[in-house]
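# Working through the structure, step by step
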Amino acid sequence: MKRIVFLLGTLTAVYAGGPEILQKRCLSCHNGQAKMGGLSLETKADAAAVLSGKLARRVEAGEMPPGGGLPPGERAEIAAWLRSGASWEGRLTLAVRPRAGKDWWSLQPIPASAVGSIDAFIQAKLAEKGLTLSAPADRRTLIRRVTFDLTGLPPTPEEVDAFVAGGSYEQLVDRLLASPAYGERWGRHWLDVIRFGESNGYEQNHIRPTAWLFRDFIIRSFNEDLPYSDLIVRSLAGDVTGKGVPEIEIGTGFLVAGPHDTVGNQAEAFKRQQRADDYDDMVNATASAFLGLTVNCAKCHDHKFDPIRQTDYYRLAAVFAGVHHGERVIATEERKAAHQAAARPIETRIAAAKASLAGLRDGAKPGLEAAEERVRGRMRPPVDSYGTEERFEAVAARFVRLTLPQGGAGGLDEFEVWNEAGKNVALGVPALASATRVADGNPDAYHPRLLTDGQFDKRWFAPPGTNGVTITLPLAATERVNRATWSTDRQRAFQGRFQQSTPARYELAVSMDGVTWTTVAMDAGRMPAAKDAQERLFVMEALDLAGRASYTQAEQELAAAAAALAKLEKLPRAYAGEFKEQVEPVYLHKGGNVMQRGDPMPAGSPSALPGFELPLDAPESDRRMALARWLTSNDNPLTPRVMANRLWYYHFGRGLSGTPSDFGYNGERPSHPELLDYLARKLLDYGWRLKPLHREIVLSRTYRQASDGNAAAARIDADCRLLWRFPPQRLQAEAIRDNMLAVAGVLDRTVGGPSFQLYKYTVDNVATYFPVERFGPETYRRAVYAQSARSIRTELLSVYDCPDSSLPEPRRYVTTSPLQALTLLNHSFTIDMAKAFARRMAASADPVGRGFALAFGRPPRPEERTAAQALAVQHGYPALARALFNTNEFIYVH
């Protein structure tokens, strides 16, 4: 009896848990307001239609909630509750979680005027904690700090000495801001923020050969102190505001700077998802870079923490509905006109030749069906990628050879030779190919042995562009052979547009000695494999002699004109996106599912701020221009706030808000909100120009103070959020590499131009990147010019936390590992730089003193000089150079 009572009590408890699970797990999407899928679960009456059937099945199948369903225990619990009748009393209410509203700090207007100063705001916060600024930094420390900060390069010993002797700090700052190195340094920061990469990412990850032009645009924009508002406009709509001006048009490279899937799956769901992924990247990049908002969190539902609706996400997506990845011509109107003038008469010839051919084809139509029947009656079927067979009179052979005059096309998965008894005598024979493609990652990937292994899952390939390839089979014994078969895709793995081409030209020969050959079969008499070539045969068969002559003449004219057009100098192209009027609107995706379309969405701005909404049929360029104008309006509080915080972050190693791309509820509130507003106001007052704001920041006492520790201050503010000292910072990966090149005296200061590679790049359908052992002088440029392929980590840069370009990186993380020290000691690049550095030291009357001056901007202390000289005497100056590279002082600024 006690056992029965216990079980009844347990069941009651289990069943009573059903409503609580619905409330906790389901109600956020299925409530009276959201009503996702048209379903509310607030009361039993609301949910009556689905409780016993559809809901139960989807919950038990793990389909609800999306993302894996309920935990197993809760799934069993709610299933039992549903089977028991699903009773509950009253109404379920959705617990309101803390979240930001339209009154959130970052959404408030920027003050109308900038009152105060940087130091006043910092000192006021310090005073609240009983702290003060530290003493000013010494002049050697200061010039090293500000030179690395503004240019990413070390000051020369001569520059240090001149400044220490009494040089003007203001003039020093102005010189650094005017240096081309400034744009290289701060352009690199911005490229992090906007996820710039020079490959497509995803599976194929091919290089974008002209993407570097956009990188140079960013560097040039920073060097020219282009107003930040203009940078935004050019990034979103440079093709509109600067049509025919390449230096402006290239700015739209921002829109397509992110990853893009090039595989091209033709299933409708995959096509929609691929397109959704493209504009998701554009929405995320735009919102995070310029607004500091995580708008992408509203792709599936209203944002859980910020005042961003799901409709806001799709309104922004609609802005980019006409933007597509790819290169486009970017040239002056004059250059385009000159090219068109040269091309027009050739294009007229091409059009005339095509019209002649079309007319002749039309004239042949009445007899075309009969002509096709005649051609097919006298010709053999075309080669087939799924299997081609040749039969011939039986002949004795010790060797069999297949010659492919036009190369291997799509490769071959098997080559079989049959004797009179029906046995494949090629099976297991060591095939010999005159040429074979070699894959860097796997040299045997396309080995000739695949031709005779009896398997069809792998293929032999000839090198691309190789003609006259031969495959020879030395048979195990003399055989009387009468048939041969070969295939490219015997398993029929590729269908439709993915069907693989197979060699259409061939000659099959046999030999007894491998020297004298007898042809037994060839492609003569076969129909061509290509459909257009077949159609040409039918047309020529249907025409009379005069018609055939005219057809041939028109073909020759077309070929000659096409060749002439190809010889014209090509207009320059850049990976800056293509723009097309949208074929269909952007739809809201219910639950983020591309196959669950809701309403069509007009282009518009997020509803958390006053903004814009355009008609559904608004022209493509108007959409991007409207967004650009809204972002750069002086009434938009987010754009200047976010950029001001970014500048502060890169100067001090931490922003006033520690989350530079998230000014929402989950982001960090600013430590000095009034100072952030002051900086945002100043940015607007400076006409959106960054250099004056840089200057004001680095001239402040806060920036110029020493970085020395203070135990008492650290107990109060251990993280130095209040800036009672200048926070010491490790150089970023690029600056460490550039520093080594500069100190070694081999840095190539060429500004701009095509990227150099720190890997070996190969393509075999997908791209492969191989590390290289040695780095030549062509790589001795600044690291900002190193080609940035997605998901590829180059040794020296990655070990010092250089980020992958697959995603935006608004804040770099700093790690410490033994590999870093080993890299600065033993890497081949380090050794090369150490040798060059050693030569600079050895050329000086005071090698040790010169080494310290170059590496640290100061003379050695007596004990350092003694140790350095002893090391150099015992192991040579390259060893001393490696020791100097491996110091904290070399890679940190104070």
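Residues numbered from 1 in each chain as written. Predicted model: local features only at pLDDT ≥ 70, side-chain atom pairs only at ≥ 80, totals over all residues. Heavy atoms only, no water.

For the rest of this paragraph, the subject is the overall build of the chain. Secondary structure summary: the chain contains 33 helices and 16 strands in total. Seen through its principal axes, the chain has C-alpha atoms that stretch 105 × 95 × 70 Å. Looking at the chain as a whole, 50% of its 894 residues qualify as buried. Sequence separation of at least 24 residues holds for 74% of the intrachain contacts in the chain that already meet a minimum separation of 6. (Helix = DSSP H or I, 4+ residues; strand = E, 2+ residues; numbered from the N terminus. Buried < 20%, exposed > 50% of the residue type's maximum accessible area, 1.4 Å probe, protein only. Contact = heavy atoms within 4.5 Å.)

All right, on to the nonpolar core then. Across soluble globular proteins, you tend to see nonpolar side chains buried next to one another. If you look at the biggest cluster of nonpolar residues, it comprises 163 residues, and the most contacted ones within it are Trp190, Phe320, Trp648, Leu679 and Phe837. Both domains that furnish three or more residues to this core are identified here as domain 2 (227–328 + 579–631) and domain 5 (828–893). When residues no more than four places from it in sequence are discounted, the contact partners of tryptophan 648 are Ile118, Ile122, Gly653, Arg654, Gly655, Leu656, Leu675, Leu679, Ile697 and Leu723. (Core = buried A, V, L, I, M, F, W, Y, C linked by side-chain atoms within 4.5 Å. Domains from an automatic or database assignment.)

Each assigned domain of the chain is listed with its residue range as follows: domain 1 (1–98), domain 2 (227–328 + 579–631), domain 3 (336–370 + 534–567), domain 4 (380–526) and domain 5 (828–893). Put simply, the middle of domain 4 and the middle of domain 5, counted by C-alpha atoms, are 63 Å apart.

Taking 1.5 Å of rise per residue, the 14 residues of helix H10 (residues 180–193) would be expected to cover 20 Å, and the 21 Å separating its terminal C-alpha atoms lies within 8% of that figure. Along H10, 13 of the 14 residues are buried, which leaves the element largely enclosed by surrounding structure. Looking one or two residues past H10, arginine 195 carries a phi angle of roughly 55°, positive in sign. (Expected span 1.5 Å × (residues − 1).)

Now for the packing of helix H18 (residues 531–542) against helix H19 (residues 545–567). Relative orientation of the contacting elements H18 and H19 amounts to 140°, with a least axis distance of 9 Å. One finds that H18 runs oblique with respect to H19. Where H18 abuts H19, its residues Arg536, Val539, Met540 and Glu541 lie against Arg548, Tyr551, Thr552 and Glu555. In terms of residue class, the contact of H18 with H19 is built from three nonpolar, one polar and four charged. (Axes fitted to C-alpha atoms, helices over the stretch in contact; angles between N-to-C directions. Parallel < 35°, antiparallel > 145°, perpendicular 65-115°, else oblique. Nonpolar A, V, L, I, M, F, W, Y, C, P; charged D, E, K, R; others polar.)

Another aspect to go through is the packing of helix H16 (residues 333–364) against H19. Interhelical geometry of H16 versus H19 gives an angle of 155° and a closest axis separation of 9 Å. One finds that H16 runs roughly antiparallel with respect to H19. By crossing handedness, the relation of H16 to H19 is classed as left-handed. Touching Ala343, Ile346, Glu347, Arg349, Ile350, Ala353, Lys354, Ser356, Leu357, Leu360 and Arg361 of H16 are Gly547, Ser550, Tyr551, Ala554, Glu555, Glu557, Leu558, Ala560, Ala561, Ala562, Ala564 and Leu565, all from H19. The residue makeup of the contact of H16 with H19, split by class, is 14 nonpolar, three polar and six charged. (Left-handed = near helix turned anticlockwise from the far one by under 90°.)

Enumeration over the complete set of coordinates arrives at 29 aromatic pairs. Arranged with centres 5.9 Å apart and planes meeting at 45°, the rings of phenylalanine 652 and phenylalanine 726 form a pair that is tilted. Of this pair, phenylalanine 652 sits in helix H21 (residues 638–652) while phenylalanine 726 is found in the loop between helix H25 (711–716) and strand E13 (729–730), placing the two residues 74 residues apart along the sequence. Like phenylalanine 726, phenylalanine 652 is buried. Following the ring pairs from residue to residue traces out a cluster consisting of Trp190, Tyr228, Phe254, Phe290 and Trp688. In this structure, arginine 398 is placed above the aromatic ring of phenylalanine 399, and the distance from its NZ or CZ to the ring centre is 5.8 Å. Positioned above the aromatic ring of tyrosine 665, the side-chain terminus of arginine 669 is 4.9 Å from the ring centre. (Phe/Tyr/Trp six-rings, centres within 6.5 Å; stacked < 30°, edge-to-face > 60°. Lys NZ or Arg CZ within 6 Å of the ring centre and 35° of its normal.)

What helix H2 (residues 18–26) keeps buried is the set Gly18, Pro19, Ile21, Leu22 and Cys26. Around the axis of H2, the buried residues are gathered within 155° of arc, so they sit on the same side. (Arc of directions from axis to C-beta.)

Within the secondary structure, arginine 623 is located in helix H20 (residues 620–631). A distance of 2.7 Å separates the side chain of arginine 623 from the backbone oxygen of leucine 616, its partner in a polar contact. Here the side chain of arginine 623 touches alanine 618 through a polar contact of 2.9 Å, landing on its backbone oxygen. With near-sequence residues (within four places) excluded, arginine 623 lies in contact with Ala318, Val319, Ala321, Gln582, Ala603, Leu614, Pro615, Leu616, Asp617 and Ala618. (Polar contact = N/O pair within 3.5 Å; in protein donor to acceptor, adjacent residues only side chain to side chain.)

Further remarks concern the pattern of salt bridges. In total, this model carries 51 salt bridges according to the counting rule given. Across the salt bridge formed by arginine 374 and glutamate 541, the nearest N and O atoms sit 2.9 Å from each other. Here arginine 374 is found in helix H17 (residues 368–378), whereas its partner glutamate 541 is found in helix H18, with 167 residues between them in sequence. Note on glutamate 541: relative accessible area 16%, which makes it buried. One salt-bridge network, in which partners are shared between bridges, spans Arg858, Arg861, Glu863, Glu864 and Glu889. (Salt bridge = Lys/Arg side-chain N within 4 Å of Asp/Glu carboxyl O.)

To continue, consider the environment of glutamate 347. Take glutamate 347: it is sitting in helix H16. With relative accessibility at 33%, the residue glutamate 347 sits in the partly exposed group. In this structure the C-alpha to C-alpha distance between glutamate 347 and tyrosine 650, which are 303 residues apart in sequence, comes to 54 Å.

For the rest of this paragraph, the subject is the pairing of strand E6 (residues 469–487). Of the pairings in the sheet, the one linking strand E3 (residues 388–404) to E6 comprises 13 bridges and is antiparallel in character. Its bridge partner being in E6, alanine 397 is matched across the sheet by glutamate 479. In this sheet, E6 lies alongside strand E4 (residues 414–419) in antiparallel orientation, the contact comprising six bridges. Bridging across to E6, asparagine 419 finds its partner in valine 481. Across two bridges, the pairing between strand E5 (residues 432–433) and E6 is antiparallel. Its bridge partner lying in E6, alanine 433 is registered against isoleucine 471. (Pairing = 2+ DSSP bridges.)

Following the sequence through the fold, proline 154 ends up in the loop between helix H7 (139–151) and helix H8 (157–164). Relative accessible area serves as the criterion here: at 14%, proline 154 is assigned to the buried category. Sequence separation of proline 154 and aspartate 738 is 584 residues, and the distance between their C-alpha atoms is 8.8 Å. Ignoring sequence-local partners within four residues, the contact set of proline 154 consists of Thr147, Phe148, Asn739 and Ala742.

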